[in-house]
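Architecture and fold: a report
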Amino acid sequence: MRRFLLGLLLILIGLAAVLLANTLRLPNHQLGAVPAAPAVAVVPDSALAHLAGALRIPTVSRTRYAETDTLPFDQFQAYLQRTFPLVHQRLRLQKVNRYGLLYEWPGTNAALKPLLLLAHQDVVPVLPGTDSQWVRPPFAGQQAGGYLYGRGALDDKLNVLGQLEAVEALLRAGFRPRRTVLLAFGHDEETQGRRGAAALAALLQTQHPQLEMVLDEGGLVKADGVAGLTQPVALVGVSEKGYLTLELSATGPGGHSSMPPALTSVGRVAAAVAKLEAQPFPARLDGGVSGLLAYLAPAVPFGKRLVFANQWVFGPLIKKTLAATPSGNAALRTTTAPTIMRGGDKDNVLPDRATATVNFRLLPGDSVAAVLRRVREIIDDPQIQLRTVGEGRDATPVSGTDNAAFATLHRTIRSVFPRALVAPYVVVGATDARAYASLCPQATYRFIPVLMNQVAIESLHGTNERLRAGAYPDVIRFYAALIKNM
Ligand SMILES: [Zn+2]
């Protein structure tokens, strides 16, 4: 017994030593002090007024493109032309499908691969009946309490205007980039981006098939709430999850509900959905969480650092903690979301067909084919028909964090947000960037240069979408610095 206890003690000491060594040896991916990016010579109030003017033009995307009112998009183009005269004199502008815009600012060194900045002109509609809940109307471009309110203030006109404002200021100052700078602004990002991003990417494929870096909207500088840290964290999307929607259907004899069969088509579909929810896809740290933790590790308290540094031991604990919240859970696995159920329209009649629609968001590493296979296995019912709705797609390639482009992005972020940690993560939503993946699989990043707290972030796509007025000069400063640093 004593020998056993002694052995156990030695094993524990050995384990503790390994855990400790891993923690102390942990590489620090964060940069030291970075010189502040210079302020950009714009009049801040006029820059904000330019953005406010853009918010007054209701470039609303409708799910059916035919229902989209295109007049505001014409007005928006004219507005950009008026507001940024130097950009429109000096940069080459090409259009796709009339509203997709590609600006090209040729670099002095043609041997360098271009930098591509992305943003989109369209916005989501305001939910009918919620207009009155806005502190300021959604398309008035008005300020209140230090915030600029309006649909598009965060998603995504601040980036369209911020990029153009930076380029206009650099042109005014006589700057010429060594590397060609491209700006591509789609007009239907909120509805799949087929006319905008996809067509712009196809055009670029013929003109600049290889890019140094692509930067689109995505993570922000979160002021609070990342891994319990008190300092802000700049989340840089290195991939975005894939997408698959399946319709499950069951057919059976319809008829009067007074004599139902043991299992109705409604019951069969409901059972299939219940099985899918009860058996979520496996949680994985290698789908993006590992990279995020590695970048945050140096900043967290020692106990947490020990956990982050020893994922081989504490993986289950990390997964359990993350899985407790919907956002943490979404970072951890391919998610399963039943969104629509249909069957029957009369309370005393059995429908002959019932359906359920389930939306999956695929973690990098889980392919559409693998998800389909697993869904069939879980449902395990040959009477359930499966149909793919629209086109499924895998997650985009995961861009690296050990290349020169990321290092430049990292440094630029720190030069504008000196207190922020920088960390890679996987974007759970969709952005235009995926259309450009083949042009730059190694360095496509998703980041919005704005420091915000969680409450304001949640206004995106919701009621009272708003940008802190004081944050806008940083947006312009960031883009100007990035163009210079690249
Ligand atoms: Zn967007």
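Residues numbered from 1 in each chain as written. Predicted model: local features only at pLDDT ≥ 70, side-chain atom pairs only at ≥ 80, totals over all residues.

1. Points about the overall build of the protein
- What the protein contains, in helices and strands, is 15 helices and 17 strands.
- For the C-alpha atoms alone, the extent of the protein along its principal axes is close to 75 × 75 × 45 Å.
- For the protein, buried positions account for 45% of its 486 residues. (Helix = DSSP H or I, 4+ residues; strand = E, 2+ residues; numbered from the N terminus. Buried ≥ 20, exposed ≤ 12 C-beta atoms within 10 Å, placed from the backbone.)

2. A few points about the domain arrangement of the protein
- According to the domain assignment, the protein contains domain 1 (44–219 + 404–485) and domain 2 (242–393).
- Centre-to-centre, using C-alpha coordinates, domain 1 lies 32 Å away from domain 2.
- Taken residue by residue, the interface counts eight residues in domain 1 and 12 residues in domain 2.
- Its residues placed into classes, the side of domain 1 that touches domain 2 shows eight nonpolar, no polar and no charged. (Domains from an automatic or database assignment. Contact = placed C-beta atoms within 7 Å. Nonpolar A, V, L, I, M, F, W, Y, C, P; charged D, E, K, R; others polar.)

3. Focus on the environment of Val233
- With respect to the helices and strands, Val233 occurs in strand S8 (residues 233–240).
- Separated by 92 residues in sequence, Val233 and Thr325 have C-alpha atoms that sit 19 Å apart.
- The contact partners of Val233, leaving out residues within four places of it in the chain, are Lys222, Val226, Ala420, Leu421 and Ala423.

4. Structural notes on helix H15 (residues 472–485)
- Look at H15: 20 Å from first C-alpha to last across 14 residues, which is about the 20 Å you get at 1.5 Å a residue.
- Of all 14 residues that make up H15, 11 are buried, and the element is covered over most of its length.
- When H15 is considered as a whole, its buried residues turn out to be Tyr472, Asp474, Val475, Ile476, Arg477, Phe478, Tyr479, Ala480, Ala481, Leu482 and Ile483. (Expected span 1.5 Å × (residues − 1).)

5. A word on the sheet that holds strand S17 (residues 466–468)
- Taken together, three strands build an open sheet; the order of strands is S4-S5-S17 and the sheet is antiparallel. With partners counted over all chains shown, the strands left at the sheet margins are strand S4 (143–144) and S17, one partner each. (Pairing = 2+ DSSP bridges.)

6. Structural notes on the packing of helix H7 (residues 265–278) against helix H12 (residues 368–379)
- In the contact formed by H7 and H12, the axes pass within 9 Å of each other and the chain directions differ by 115 degrees. By crossing handedness, the relation of H7 to H12 is classed as right-handed. Here H7 contributes Ala272, Lys275 and Leu276 to the contact with H12, which in turn contributes Val375, Ile378 and Ile379.
- Looking at the contact of H7 with H12, its residues break down into five nonpolar, no polar and one charged. (Axes fitted to C-alpha atoms, helices over the stretch in contact; angles between N-to-C directions. Left-handed = near helix turned anticlockwise from the far one by under 90°.)

7. Brief notes about the packing of helix H13 (residues 404–416) against H15
- One can describe the packing of H13 onto H15 by two numbers: an axis separation of 9 Å at closest approach and a directional angle of 145 degrees. Considering only the axes of H13 and H15, their crossing is right-handed. The segment H13 lies against H15, with Thr408, Arg411, Thr412, Ser415 and Val416 engaging Asp474, Arg477, Phe478, Ala481, Leu482 and Asn485.

8. Thoughts on the sheet that holds strand S9 (residues 242–251)
- An order of S11-S13-S9-S14 is seen for the four strands of this open sheet, with the pairing classed as antiparallel. Each of the sheet's edge strands pairs with one partner strand only, and the pair in question is strand S11 (335–342) and strand S14 (385–393). This sheet shows a mean twist of 20 degrees between the axes of neighbouring strands, independent of strand direction.
- Bridge count for S9 against strand S13 (residues 353–362) is 10 bridges, and the pairing is antiparallel. By the bridge assignment, Leu246 is partnered in S13 with Val358.

9. Comments concerning the pairing of strand S1 (residues 92–96)
- Direction of pairing for S1 relative to strand S2 (residues 100–105): antiparallel, over a ladder of five bridges. The partner of Leu93 across the bridge, within S2, is Tyr103.
- Counting the residues in the hairpin turn of S1 and S2 gives three residues, including Asn97, whose phi is positive at 45 degrees.

10. Observations concerning the environment of Gly150
- Mapped onto the secondary structure, Gly150 falls in the loop between strand S5 (147–149) and helix H5 (157–172).
- Residue classification places Gly150 among the buried residues on the basis of 29 C-beta atoms within 10 Å.
- In this structure, the C-alpha to C-alpha distance between Gly150 and Ala469, residues 319 residues apart in sequence, is 12 Å.
- Non-local contacts of Gly150, meaning those with residues more than four positions away in its chain, are made with Leu55, Pro138, Phe139, Ala140, Gly141 and Glu465.

11. Section: the pairing of strand S16 (residues 444–452)
- For S16, a buried count of nine out of nine residues is recorded, marking the element as mostly surrounded by other parts of the structure.
- Side chains of S16 alternate between two faces, with Thr444, Arg446, Ile448, Val450 and Met452 and Tyr445, Phe447, Pro449 and Leu451 buried alike.
- Sheet topology note: the strand S7 (residues 213–222)/S16 ladder contains six bridges and is parallel. When the bridges of S16 are listed, Val221 appears paired with Leu451.

12. Observations concerning H7
- Between the first and last C-alpha of H7 there are 20 Å, a value that for 14 residues agrees with the 20 Å anticipated at 1.5 Å per step.
- Turning to H7, its buried residues are Ser265, Val266, Arg268, Val269, Ala272 and Leu276.
- For H7, the elements touching its buried residues are S9, S11, S13 and H12.

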